[in-house]
Amino acid sequence: VSGRGLGGGAASADVVVALHACGVLSDVALGHACSAGAAFVVCPCCFRSNPHLRVPLPGGGERSAPSADARGMAPEEWLGVDLGAYGDLTGLAEVQGDSGLQREAMHAVCALRAEAVEREWRGRVHHPGARIETSIRTFPVGLSTRNLCLVGRFGG
């Protein structure tokens, strides 16, 4: 990363990596990746954490949500879901005792995040013709029960 970086203003990056990115921190990392046109690897965790954070978005995108301000956009608006549905889905991602249900909910949240990145990228006017490829990858559950990674790369 060059420039001031994540909290201090404009920066550029080739890749954004967020490991153990609790809750909305995953979305914040993805917003920074979109702003920089950077590849990303985001491993989400603790899906209900950091609800006070906002997703930073660059100027020039066609999306302007009612709650968007200088700090960014509310996570449910970034994801394009109703606040209640978002709360229900993240609650299911944290459910104990039903690993199948938990895994499906975690995957659904990651899929919403991948769609949000793609939607934001399509709305960008200063990267005409560029494309984004996103995928959801797994790693051995023995390393973490939150074994999903959202991976993306931008191309021209």
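Residues numbered from 1 in each chain as written. Predicted model: local features only at pLDDT ≥ 70, side-chain atom pairs only at ≥ 80, totals over all residues. Heavy atoms only, no water.

1. Considerations on the pattern of salt bridges
Inference 1: Counted by the stated rule, this structure contains three salt bridges.
Inference 2: A salt bridge links R146 to E94; the shortest N-O distance between them is 2.7 Å. A residue pair is termed long-range when its members are at least 10 positions apart, and R146 in the loop between β5 (131-138) and β6 (148-155) and E94 in the loop between α3 (83-93) and α4 (99-122) qualify at 52 residues.
Inference 3: A residue is classified by how much of its surface remains accessible, and E94, at 21% relative accessible area, is partly exposed.
Inference 4: E133 serves as the salt-bridge partner of R153, at 3.1 Å between the closest nitrogen and oxygen. In this pair, R153 is assigned in strand β6 and E133 in strand β5, connecting sequence segments 20 residues apart. (Salt bridge = Lys/Arg side-chain N within 4 Å of Asp/Glu carboxyl O. Helix = DSSP H or I, 4+ residues; strand = E, 2+ residues; numbered from the N terminus. Buried < 20%, exposed > 50% of the residue type's maximum accessible area, 1.4 Å probe, protein only.)

2. Regarding the packing of α3 against α4
Inference 1: Packing of α3 against α4 leaves a shortest axis separation of 7 Å and a crossing angle of 135 degrees. The orientation of α3 relative to α4 falls into the category oblique. The hand of the α3/α4 crossing is left-handed. Taking contact as the criterion, the partners of Y86, L89, T90, L92 and A93 in α3 are, on α4, L101, Q102, A105, M106, A108, V109, L112 and R113. (Axes fitted to C-alpha atoms, helices over the stretch in contact; angles between N-to-C directions. Parallel < 35°, antiparallel > 145°, perpendicular 65-115°, else oblique. Left-handed = near helix turned anticlockwise from the far one by under 90°. Contact = heavy atoms within 4.5 Å.)

3. A short note on the nonpolar core
Inference 1: In this structure, L30, F40, V42, W78 and V117 are the most contacted members of the largest nonpolar core, which totals 34 residues.
Inference 2: Elements with a contribution of two residues or more to this core: β3 (15-22), α1 (25-36), β4 (39-45), α2 (75-79), α3, α4 and β6.
Inference 3: Considering every element that reaches this core, the biggest residue donor is α4, with nine residues. (Core = buried A, V, L, I, M, F, W, Y, C linked by side-chain atoms within 4.5 Å.)

4. Regarding unusual backbone geometry
Inference 1: Positive phi is not limited to glycine here, since H20 has a value of about 55 degrees.
Inference 2: Looking at the secondary structure, you find H20 in strand β3.
Inference 3: What makes H20 exposed here is its relative accessible area of 52%.
Inference 4: Despite not being glycine, C46 has its phi angle at roughly 45 degrees, a positive value.
Inference 5: Positionally, C46 belongs in the loop between β4 and α2.

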